[in-house]
Amino acid sequence: MVSAGLEILGLSLCVIGSLLVMVSCGLPMWKVTAFIEANIVVAQTIWDGLWMSCVVQSTGQMQCKVHDSVLALTHDLQAARALTIISSVMGVLGLMVVIAGAQCTNCIRAEYVKARVVNSGGIIYIISGLFVLVPLCWMANNIISDFYNPQVPASKKREIGAALYIGWAASALLLIGGALLCCSCPSSGNSGYSVKYSPTKRTTQNGDYDKRNYV
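Residues numbered from 1 in each chain as written. Predicted model: local features only at pLDDT ≥ 70, side-chain atom pairs only at ≥ 80, totals over all residues. Heavy atoms only, no water.

A.B. asks: Got a minute to help me understand the packing of aromatic side chains in this structure?
C.D. replies: How two aromatic rings sit relative to each other is set out by the distance from centre to centre and by the angle between their planes. For the coordinates displayed, the defined rule picks out 2 aromatic pairs. With 5.3 Å between their ring centres and 80° between their planes, Phe-147 and Tyr-148 make a pair best called edge-to-face. A relative accessible area of 22% places Phe-147 in the partly exposed class. Lying across the ring of Phe-147, Lys-157 places its NZ or CZ 5.9 Å from the centre. (Phe/Tyr/Trp six-rings, centres within 6.5 Å; stacked < 30°, edge-to-face > 60°. Buried < 20%, exposed > 50% of the residue type's maximum accessible area, 1.4 Å probe, protein only. Lys NZ or Arg CZ within 6 Å of the ring centre and 35° of its normal.)

Pasting the structure below:
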């Protein structure tokens, strides 16, 4: 029961984390306009994402433009694109692996093999969490470095957007859920022993037990 509970909890966290990775990948709010110095009241707010850049007017109107060229992007955006997509694919792959080896399914009969399959799914989710964590930290480091760089104009400085925070939460859920799946091993106390029954004692014609039963 404890092992099944860990599997359900770990898989739930990993599924939520994978969904948040996909949401973070699609949101354009990786970098947002920094309101510093005299740039407090502005007519527009700029969002920079992995796939598009958006300009939000003070009237509420928003215009987005998809990035024309992949090669024209910065190295952190290119790496973030690749790693977040790989992380999303690994999340779907990990889900199929864990379901195949879960205790509530009959895809695999042997309990030992099922436990190893679930552990493999947990490792996949941990790697998925690490893949999405790398571009998030890289992007945040570049944003902070440019923010405190005096050579960067104030109009070019950006702040950490909501997509990065969602990605960090997704990475934490993937790492925790993957660790729970790696720890969900069924107890081996009843797996290596079989119950043996002694044969029924025979009786003689006069109703007494045969003496050979006591030899």
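A.B. asks: Whenever I open this one, the pattern of salt bridges confuses me. Can you help?
C.D. replies: Where charged atoms of side chains with opposite charge meet at close range, the side chains can pair. Counted by the stated rule, this structure contains 3 salt bridges. A salt bridge links Asp-76 to Lys-31; its shortest N-O distance comes to 3.9 Å. Remark: Lys-31 occurs in strand β1 (residues 31–33) and Asp-76 occurs in helix α2 (residues 75–101); sequence separation between them is 45 residues. Asp-76 gets classed as buried once you look at its relative accessible area, which sits at 5%. For Lys-31, a relative accessible area of 16% translates into the label buried. One salt bridge connects Lys-65 with Asp-68, and the closest N-O pair in it is separated by 2.7 Å. With relative accessibility at 49%, the residue Lys-65 sits in the partly exposed group. By relative accessible area, Asp-68 is classed as exposed at 69%. (Salt bridge = Lys/Arg side-chain N within 4 Å of Asp/Glu carboxyl O. Helix = DSSP H or I, 4+ residues; strand = E, 2+ residues; numbered from the N terminus.)

A.B. asks: Before we go on, may I ask you to explain the state of the cysteines in this structure?
C.D. replies: Here, the word disulfide means a covalent bond between the sulfur atoms of two cysteines. Within this structure, the stated rule accounts for 1 disulfide. Bridging Cys-54 to Cys-64, the disulfide has an S-S length of 2.1 Å. Across the S-S bond of Cys-54 and Cys-64 the torsion is about 105°, and the bridge reads as right-handed. Within this pair, whereas Cys-54 is found in strand β3 (residues 52–57), its partner Cys-64 is found in strand β4 (residues 62–66), the two being separated by 10 residues in sequence. Judged by its relative accessible area of 41%, Cys-64 is partly exposed. (Disulfide = S-S within 2.5 Å.)

A.B. asks: Which parts of the structure should I look at to understand the pairing of β4?
C.D. replies: As judged from the 5 bridges shared by β3 and β4, these two strands associate in the antiparallel manner. If you follow Val-55 over to β4, its bridge partner there is Gln-63. (Pairing = 2+ DSSP bridges.)

A.B. asks: Even after reading the chapter, I still don't get the UniProt feature "transmembrane region" (unreviewed entry) in the chain, so can you show me in this structure?
C.D. replies: In this numbering, the UniProt entry assigns the feature "transmembrane region" (unreviewed entry) to residues 6–27, 82–102, 122–141 and 162–181. For residues 82–102, the end-to-end C-alpha separation is 30 Å, with 95% helix and 0% strand making up the annotated structure. Helix makes up 100% of residues 162–181 and strand 0%, whereas the separation of the span's terminal C-alpha atoms amounts to 29 Å. (UniProt positions renumbered as here; feature names shortened; annotations may be inferred.)

A.B. asks: Whenever I open this one, a nonpolar patch on the surface confuses me. Can you help?
C.D. replies: A cluster of nonpolar side chains, contributed by Leu-19, Met-22, Val-92, Leu-93 and Met-96, occupies part of the molecular surface with about 450 Å² of accessible area. When residues of the nonpolar patch are traced back to their parent elements, those giving at least two are α1 (2–26) and α2. Mapped onto the secondary structure, Met-22 falls in helix α1. Take Met-22: its relative accessible area is 37%, and that puts it in the partly exposed class. (Patch = residues over 30% accessible without salt bridge, like charges linked within 9 Å, V, L, I, M, F, W, Y side chains within 5 Å. Areas by Shrake-Rupley, 256 points an atom, 1.4 Å probe, with all protein chains shown as cover.)

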